[in-house]
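Letter by letter, the chains look like this.
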Amino acid sequence: TKSEGVTINFITPEGDKKTIIANKGESIMDISHTHDDIELECACEGSLACSTCHVIVDPEYYKKLEEPTDEENDMLDLAFGLTETSRLGCQIVMEKDLDGITVTLPSATRNVQLKGSKLS
Ligand code: FES
């Protein structure tokens, strides 16, 4: 139902704003999978082994997110164009209090993918 929807605004690398009504419990990766106009690579499918799902969260909403895990921070360190409000899109799960969030898709990603290996 409509009341279960959570609004998320994407700013594309071209500067276009796209507003999507997502479902609670969907991650930003899930949303990009079901919306062709949201181009977020998510090369490792959410297993915290790449940095291609990097998004920049608006500061007001960044504060509402759960703290990133060490694993997420390790991958974020490899992201191209890291900012103070950068997160990995596969780790942001839409909840009611994120209603209205805006995330910016970086203009470039560095495809660092560590298949089956852990950072040590
Ligand atoms: Fe690889 Fe998010 S999709 S870390």
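Residues numbered from 1 in each chain as written. Predicted model: local features only at pLDDT ≥ 70, side-chain atom pairs only at ≥ 80, totals over all residues. Heavy atoms only, no water.

### Quick notes on the nonpolar core
Then comes step 1: Counting 26 residues, the largest nonpolar core has Ile8 and Phe10 as its most contacted members.
Then comes step 2: Where this core is concerned, the elements lending two or more residues are strand 1 (5-11), strand 2 (17-23), helix 1 (28-34), strand 3 (54-57), helix 3 (70-76) and strand 5 (101-104).
Then comes step 3: In this structure Ile8 touches Lys18, Thr19, Ile20, Ala22, Ile28, Ile31, Met94, Ile101 and Val103, once residues within four positions along its chain are discounted. (Core = buried A, V, L, I, M, F, W, Y, C linked by side-chain atoms within 4.5 Å. Buried < 20%, exposed > 50% of the residue type's maximum accessible area, 1.4 Å probe, protein only. Helix = DSSP H or I, 4+ residues; strand = E, 2+ residues; numbered from the N terminus. Contact = heavy atoms within 4.5 Å.)

### A short note on the side chain of Thr85
Then comes step 1: Looking at where Thr85 falls in the secondary structure, it is placed in the loop between helix 3 and strand 4 (86-88).
Then comes step 2: A polar side-chain atom of Thr85 sits 2.8 Å from the main-chain carbonyl oxygen of Val57.
Then comes step 3: In this view, Thr85 contacts Val55, Ile56, Val57, Pro59 and Tyr62; residues no more than four positions away in its chain are not counted. (Polar contact = N/O pair within 3.5 Å; in protein donor to acceptor, adjacent residues only side chain to side chain.)

### Some remarks on the confidence of the model for the protein chain
Then comes step 1: Mean pLDDT over the protein chain stands at 90; residues scoring 70 or higher make up 87%.
Then comes step 2: Interface confidence for the predicted complex, given as ipTM, is 0.99, next to a pTM of 0.86. (pLDDT = per-residue confidence, 0-100.)

### A closer look at the side chain of Arg87
Then comes step 1: Looking at where Arg87 falls in the secondary structure, it is placed in strand 4.
Then comes step 2: Overall, Arg87 belongs to the buried group, its relative accessible area being 4%.
Then comes step 3: Separated by 2.7 Å, the side chains of Arg87 and Glu72 make a polar contact.
Then comes step 4: Those residues within four positions of Arg87 in sequence are excluded, and the remaining contacts are Cys53, His54, Val55, Val57, Tyr62, Leu65, Glu66, Glu67, Pro68, Glu72, Leu76 and Ile92.

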